[in-house]
Structure formats: structure tokens, C-alpha cells
Amino acid sequence: MLVAGNWKMNGLLNDAEHLAEKLASGNTQNRNTEVIIFPPFLHISAVARIVQKFDIKTGGQNCSVAESGANTGEISCEMLLDIGCSHVIVGHSERRSLHGETDALVAKKYAAALDVGLTPILCVGESLEQHNSGETEEVVVRQLSSVRETVGLGGLCSGIIAYEPLWSIGTGRAALPSKVQSVHETIRSCLGDEGAKTRIVYGGSLNSQNSAAMFAEKDIDGGLVGGASLQAEEFLRIIKMAERL
Ligand code: PEP
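Reading guide: rules and limits
- In this convention, every chain numbers its residues from 1, walking through the sequence in written order.
- In keeping with the model being predicted, local features are shown solely for residues with a pLDDT of at least 70 and side-chain atom pairs are shown and tallied solely at 80 or more, while totals for entire chains, interfaces and linings include all residues.
- The basis for the side-chain values is all heavy atoms of the structure; hydrogens and waters are excluded.
- Secondary structure elements are taken from DSSP: a helix is a run of H or I of four residues or more, a strand is a run of E of two residues or more, and numbering for both begins at the N terminus.
- Taken over C-alpha atoms, the radius of gyration is set against a globule rule of 2.2 Å times the number of residues to the power 0.38.
- Each residue is assigned to one of three classes by its accessible area relative to the maximum for its type, calculated with a 1.4 Å probe on protein chains only: buried under 20%, partly exposed between the two thresholds, exposed over 50%.
- Contacts: residue pairs with any heavy atoms within 4.5 Å of one another.
- Residue exposure ignores everything except the shown protein chains as possible cover, and the areas themselves are Shrake-Rupley values with a 1.4 Å probe.
- Without a salt bridge and with relative accessible area above 30%, a residue can belong to a patch; like charges are then joined within 9 Å and nonpolar side chains (Val, Leu, Ile, Met, Phe, Trp, Tyr) within 5 Å.
- Here, a salt bridge means any Lys or Arg side-chain nitrogen found within 4 Å of an Asp or Glu carboxyl oxygen.
- We treat Lys and Arg as the positive residues and Asp and Glu as the negative residues; His and chain ends play no part in the count.
- We put the charge of a Lys on NZ, of an Arg on CZ, of an Asp on CG and of a Glu on CD.
- We call a residue near a molecule or strand as soon as one heavy atom of that residue lies within 4 Å of the molecule or strand.
- Counted as a polar contact is a pair of N or O atoms within 3.5 Å, where, for protein atoms, one must be capable of donating a hydrogen and the other of accepting one, and residues adjacent in sequence contribute only when both atoms are in side chains.
- Classification used: nonpolar for Ala, Val, Leu, Ile, Met, Phe, Trp, Tyr, Cys and Pro, charged for Asp, Glu, Lys and Arg, polar for all others including Gly.
- A helix is expected to span 1.5 Å for every residue after the first.
- The rule for pairing is simple: two strands pair if DSSP sees at least two bridges between them.
- Lines fitted to C-alpha atoms define the axes, with helix axes restricted to the stretch in contact, and inter-axis angles between N-to-C directions lie between 0 and 180 degrees.
- Using a grid of 1 Å spacing that covers the protein atoms alone, one calls a set of points a cavity when a 1.4 Å probe fits there but cannot get out, and a pocket when the set is open and has protein on both sides within 12 Å along at least five of seven lines; lining residues are those with an atom within 4 Å of a point.
- Grid points are joined across faces, edges and corners, and a volume is the space filled by probe spheres set on the points.

A. Summary view of the overall build of the chain. A tally of regular secondary structure across the chain gives 10 helices and 8 strands. Over its C-alpha trace the chain gives a radius of gyration of 17 Å, about what one expects of a compact globule, namely 18 Å for 245 residues. Taking all 245 residues of the chain together, the buried fraction comes to 52%. Expressed as a percentage of contacts within the chain between residues at least 6 apart in sequence, the contacts between residues at least 24 apart total 72%. Counting only carbon and sulfur atoms, one obtains 51% of the accessible surface of the chain, whose full area is about 10900 Å².

B. The arrangement of a negative patch on the surface in detail. Taken together, Glu67, Glu78, Asp82 and Asp115 make up a surface patch of like negative charges. You can see Glu78 is positioned in helix α3 (residues 77-82). Glu78 gets classed as exposed once you look at its relative accessible area, which sits at 53%.

C. Inspection of unusual backbone geometry at higher detail. The phi torsion at Asp55 lies on the positive side, around 60 degrees, for a residue other than glycine. Examined against the element boundaries, Asp55 turns out to sit in the loop between α2 (44-51) and β3 (56-60). Since its relative accessible area comes to 31%, Asp55 is described here as partly exposed. Not every positive phi belongs to a glycine, and Ser205 is a case in point at roughly 55 degrees. Within the secondary structure layout, Ser205 lies in the loop between β7 (200-203) and α9 (211-215). Look at Ser205 and you get buried, because its relative accessible area is 18%.

D. Structural view of the site of the ligand. In the vicinity of the ligand lie 15 residues, with Lys8, His92, Glu164, Gly170 and Ser205 positioned nearest. Contact distances for the ligand include 2.8 Å between an oxygen atom and a side-chain N or O atom of His92. Residue Gly227 places a main-chain N or O atom 2.8 Å away from an oxygen atom belonging to the ligand. Contact with the protein chains covers 95% of the free accessible surface of the ligand, which is 290 Å². When its residues are assigned to classes, the shell around the ligand shows 3 nonpolar, 9 polar and 3 charged.

E. Geometry of helix α10 (residues 232-243). For α10, spanning 12 residues, the distance from its first C-alpha to its last is 16 Å, which sits close to the expected 16 Å at 1.5 Å a residue. Among the 12 residues in α10, 9 count as buried, and that is most of the element. When α10 is considered as a whole, its buried residues turn out to be Ala232, Glu234, Phe235, Leu236, Ile238, Ile239, Met241, Ala242 and Glu243. Those residues of α10 that are buried are in contact with β1 (2-6), α1 (13-26), β2 (34-38), α9 and β8 (222-225).

F. Layout of the sheet that holds strand β5 (residues 119-124). Strand order in the closed barrel formed by 8 strands is β1-β2-β3-β4-β5-β6-β7-β8, and the pairing between neighbours is parallel. For this sheet the average axis-to-axis angle between neighbouring strands, irrespective of direction, equals 25 degrees. The sheet contact formed by β5 and strand β6 (residues 160-163) spans 4 bridges and is parallel. Paired with Ile121 across the bridge in β6 is Ile160. Sheet contacts for α10: β1, β2 and β8; angle to β1, the most-contacted strand, approximately 160 degrees.

G. Main features of the layout of surface pockets. What the largest pocket holds in volume is close to 500 Å³. For the largest pocket, the lining is made up of 18 residues, of which Lys8, Met9, Gln61, Arg95 and His99 are closest to its centre. In terms of residue count, the dominant contributor to the lining of the largest pocket is helix α4 (residues 93-98) (3 residues). Here the lining of the largest pocket is composed, by residue class, of 7 nonpolar, 8 polar and 3 charged.

What follows is the structure, given as C-alpha cells:
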């Protein structure tokens, strides 16, 4: 299982260090569950120093497609790797909707991450409108195909897929586990035999009350947690749910 915490643009350095310390002291290091946290860029180094010996990994919430050079304000994949990151989130819905990231750009970011040896977590998912008009599978398949066309099936399967319906992110309305399972089956079928071991995780209002039922589904290999990852006790409870499976 895999439990990832996306801290988004929250907290100051002091808050990040406190949260990291609480996670480090509470993490049981039960190794059937991989734990990765995604602090804001500026806090990654400090957080990594605190958590790495407790087997908690760190990653970036975004990355540049460029390797280096004249890209003011951007952070390259190699820079993330250099400060101890193992993972990077690409195509989070907030990047797509608030920062205009297209499927093509997300695919390039995915490729840039693979090129330096970072594991990308590709976020896919439909809007409420698309959900209501029954387009979920179509949207998700299109988002996956764009990455597959850029990095090939092997490349796609070597990352992690996070299914995050937009209408459930930050709303307190997690999707029904059975419905998530069905979307994950569609995702798994797009990956073919090579994707049998690819982790497909769910994200959207996960908490300690709903994660056990979610993680119990066959094709749900863990979760990407936003809001609940900012409270150490709650995030640790979600990790415990994953460890039981
Ligand atoms: C997210 O933003 O990736 C997310 C899943 O957020 P939340 O858990 O707060 O819905």
C-alpha cells in the first residue's frame, strides 16, 4: 500500500518542521506501506532531514519540464532529486485548472521526472460536470493516453496513478469505494499486463473514517491525502488503516 500526503501551499517552515517531527515519531515503519509527503518546495529539505531516517519519503508537488536555464521561478526534476526527493506529483487538478496545465504539458513533466529517476505520481480525474454526464472513464483514459503517447506503456506503468475526481477534492465528499474500484479497473485495463503491479491510488476527501473501506477494494493501492495530511494524528491513522491490509 502507499499513503501520500500533499501539503499543498500550507504552513510556514516552523509548521512544516513540527508536522514532520510528529509524523516521524508516530510512524511505525511497518514496511508493507510506503509513506511519501509532499511539502511546499521551500520546506522539502528541512522536512526530509527530519523524516528520512524514519523511512518517510519526500517529493515535489510539481516540476518543470526544462532541465535548467532561463526558466524564472521553476524547479527542475534534477533539483528535486538533488535535495532528496524520490517522487513528484504531476497533473494535479489544481495545476490543471488554476495554472492551465494541459494533458500535453503534464505528459512532458511525467517524462522529465522519469528521465532523472524520480517516480511521477500522475493525477487523473473528472470534473463534476463530466461526472454528471457520465464521462468519467473517457476523461481518465484520455489523460492516461496522453502520457502513454509520450513515454510509452512501460514508462506509464513505472509511475504511480492517482485517481482524483475533482468534485471530491477538498469537499468532504469522498467517492464511493465501489465506484472508485470500477474506475481503477478501467485504469488497470489501460495498463495491460505490464500494469499489474502499478500502484493506482485514490485521492479526494480521504480521512480515517473512510480510508479503510477505500483501501479494502482490490484495485485501490492506497491514497493521496490532501487536507487530512496536515493533521499528524489523522494522517497517521490513515497510514495505520493501510498497514492493516
Ligand atoms: C488532493 O488535493 O490531492 C486531495 C486529495 O485533497 P483532499 O484530500 O483535501 O480532498
